[in-house]
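# Close look at the chain arrangement
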Amino acid sequence: MSSSPTVRTARRRTLRVAAAALTAAAALALTACSGSDAAGTKPVGHSDKDMAAAGSSGTNSSAKAQGSDAPPSPGAKADAKAGAAGKQSGGAPAADGGKAASPVRTQRLADGISKAEIYKLGDQRYRAKIVARGAVLATLETKGHDDGLDANDMFVTLTLDGQVHSWMGGGHQGPGTFKLAGGWTAKVTKVGELRYRAQIIGHDGVAATLEANQHDVGLDANGVYVVLSSGGVISAHE
């Protein structure tokens, strides 16, 4: 009968120890949860320094995206230069058949109705637009040689130095040999469909040759202006 109280005492102590252990475990769990909430959730394997570096990097990236003082990348510099070059070259005259900003001069032609707008495209490179009542009727252009036009019996030449000369009539229908202004002689031959050749002959023989191959041509022969059309009509004026 004397051993029973001892057994109960031991059981009570065991229960008390178990209860204390459960209380301590619960306290640790609560502390851990509280600490996690207070510090914020952090990725596994990252220290506080890593998190601080990541936050700084994120801030810098955001600032760069919104336009900061940081230097742009080489690609951004190239894009900026290309954009600036595009702006600078926007309205410039093109030397190879592109647009010219404005004519260097405008002059009235022999018919009294049309006019020539003369544009400089480069060294000894000119273009003349024949304009009447606001419409462009024809275009002449020097490309290493003079140019010419038969515009319904009004003849126009454009020389390498940008001079325009025009006159009315005086045409001869080739083939044939014809006396021209300034003492020149023209020998016109047909060499194909809409293709004529004219030898310009002076005292010393053939001085120049014009060939109209489906378009008119012109020549400044020492101050005598000659036009040969693709239809074989030749005219000269001084």
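As a starting point, this report considers the structure included with it. All values derive from a computational prediction rather than experimental measurement.

What counts, and where the lines are drawn
- Residue positions are counted from 1 within each chain, in the order its sequence is given.
- Only residues with pLDDT of at least 70 get local features here, since the model is predicted, and only at 80 or more are side-chain atom pairs given and counted; chain-wide, interface and lining totals rely on the full set of residues.
- Each side-chain value is worked out from all heavy atoms of the structure, with water and hydrogens disregarded.
- Where helices and strands are cited, they refer to DSSP runs of H or I of at least four residues and of E of at least two residues respectively, numbered from the N terminus.
- Whether a residue is buried, partly exposed or exposed follows from its accessible area with a 1.4 Å probe, protein chains only, as a fraction of its type maximum: under 20%, in between, or over 50%, in that order.
- Ring pairs are drawn from Phe, Tyr and Trp, using the six-membered ring of Trp, whenever the two centres fall within 6.5 Å, and their geometry is named by plane angle: stacked under 30 degrees, edge-to-face over 60, tilted for the rest.
- Criterion used throughout: strands pair if DSSP finds at least two bridges between them.
- Whenever a helix is involved, its axis is fitted only over the stretch in contact; in every case the axis is a line through C-alpha atoms, and angles between N-to-C directions fall within 0 to 180 degrees.
- Residue contacts follow a heavy-atom distance rule, with two residues in contact if any of their heavy atoms lie within 4.5 Å.
- N or O atoms closer than or at 3.5 Å make up a polar contact, with two conditions inside protein: a donor-capable atom paired with an acceptor-capable one, and, for residues adjacent in sequence, both atoms drawn from side chains.

## Comments concerning unusual backbone geometry
Going from Gly-174 to Pro-175, the amide bond is cis rather than trans, its omega being 5°. Take Pro-175: it is sitting in the loop between β8 (172-173) and β9 (176-179). You will see that Gln-124, though not glycine, has its phi angle at about 55°, which is positive. Structurally, Gln-124 can be placed in the loop between β2 (115-122) and β3 (125-132). Owing to a relative accessible area of 49%, Gln-124 belongs among the partly exposed residues under this scheme. You will see that Asp-153, though not glycine, has its phi angle at about 75°, which is positive. Within the secondary structure layout, Asp-153 lies in the loop between β5 (147-151) and β6 (154-158). What makes Asp-153 partly exposed here is its relative accessible area of 40%.

## Overview of the packing of aromatic side chains
Applying the stated criterion across every chain yields a total of 1 aromatic pair. When the centroid spacing of 5.9 Å and the interplanar angle of 20° are considered together, the rings of Phe-155 and Trp-167 count as stacked. Of the two residues, Phe-155 is situated in strand β6 and Trp-167 in strand β7 (residues 164-168); the sequence distance between them amounts to 12 residues. On the basis of relative accessible area, Phe-155 is assigned to the buried category, the value being 0%.

## Brief notes about the pairing of β6
In terms of residue burial, β6 counts as a mostly covered element, since 5 of its 5 residues are buried. By the alternation rule, side chains of β6 split into Met-154, Val-156 and Leu-158 and Phe-155 and Thr-157, which are all buried. Summarising the sheet, β5 and β6 pair through 5 bridges and their orientation is antiparallel. When the sheet's bridge partners are listed, Ala-151 is paired in β6 with Met-154.

## Details of the sheet that holds β6
Pairing is antiparallel across the open sheet formed by 3 strands, whose spatial order is β5-β6-β7. The strands lining the two open edges of the sheet, one partner per strand, are β5 and β7. Across this sheet, the average inter-strand angle for adjacent strands is 15°, counted without regard to direction.

## Observations regarding the pairing of strand β14 (residues 224-228)
For β14, the tally of buried residues reaches 5 of 5 residues, placing the bulk of the element in the interior. Strand direction decides the pairing type here: strand β13 (residues 217-221) and β14, joined by 5 bridges, are antiparallel. By the bridge assignment for β14, Asp-220 is matched with Tyr-225. Counting the residues that bridge the hairpin from β13 to β14 gives 2 residues, and of these Asn-222 lies at a positive phi of roughly 55°. The pairing of β14 with strand β15 (residues 233-237) spans 4 bridges and is antiparallel. If you follow Val-227 over to β15, its bridge partner there is Ser-235. Between β14 and β15, which follow one another and run antiparallel, lie 4 residues, and Gly-232 among them has a positive phi close to 90°.

## Side note on the sheet that holds β2
Spatially, 4 strands are ordered β1-β2-β3-β4 in an open sheet, and the strand pairing comes out antiparallel. Edge positions in the sheet fall to β1 (105-108) and β4 (135-141), since each of these pairs with one other strand and no more. Averaged over all neighbouring strand pairs, the angle between strand axes comes to 25°, with direction disregarded. Across 6 bridges, β3 lies against β4 in antiparallel orientation. Bridge pairing in β4 places Lys-129 opposite Thr-139.

## With respect to the environment of Thr-139
Here Thr-139 shows up in strand β4. According to the relative accessible area criterion, Thr-139 is partly exposed, its value standing at 46%. For Thr-139, the residues in contact, after removing those within four places along its chain, are Arg-127, Ala-128 and Lys-129.

## Some points on the side chain of Asp-147
Looking at the secondary structure, you find Asp-147 in strand β5. A polar contact of 3.0 Å, which involves the side chain of Asp-147, links it to the backbone nitrogen of Glu-141. Those residues in contact with Asp-147 that sit more than four places away from it in its chain are Leu-140, Glu-141, Val-156, Thr-157, Leu-158, Asp-216, Val-217 and Gly-218.

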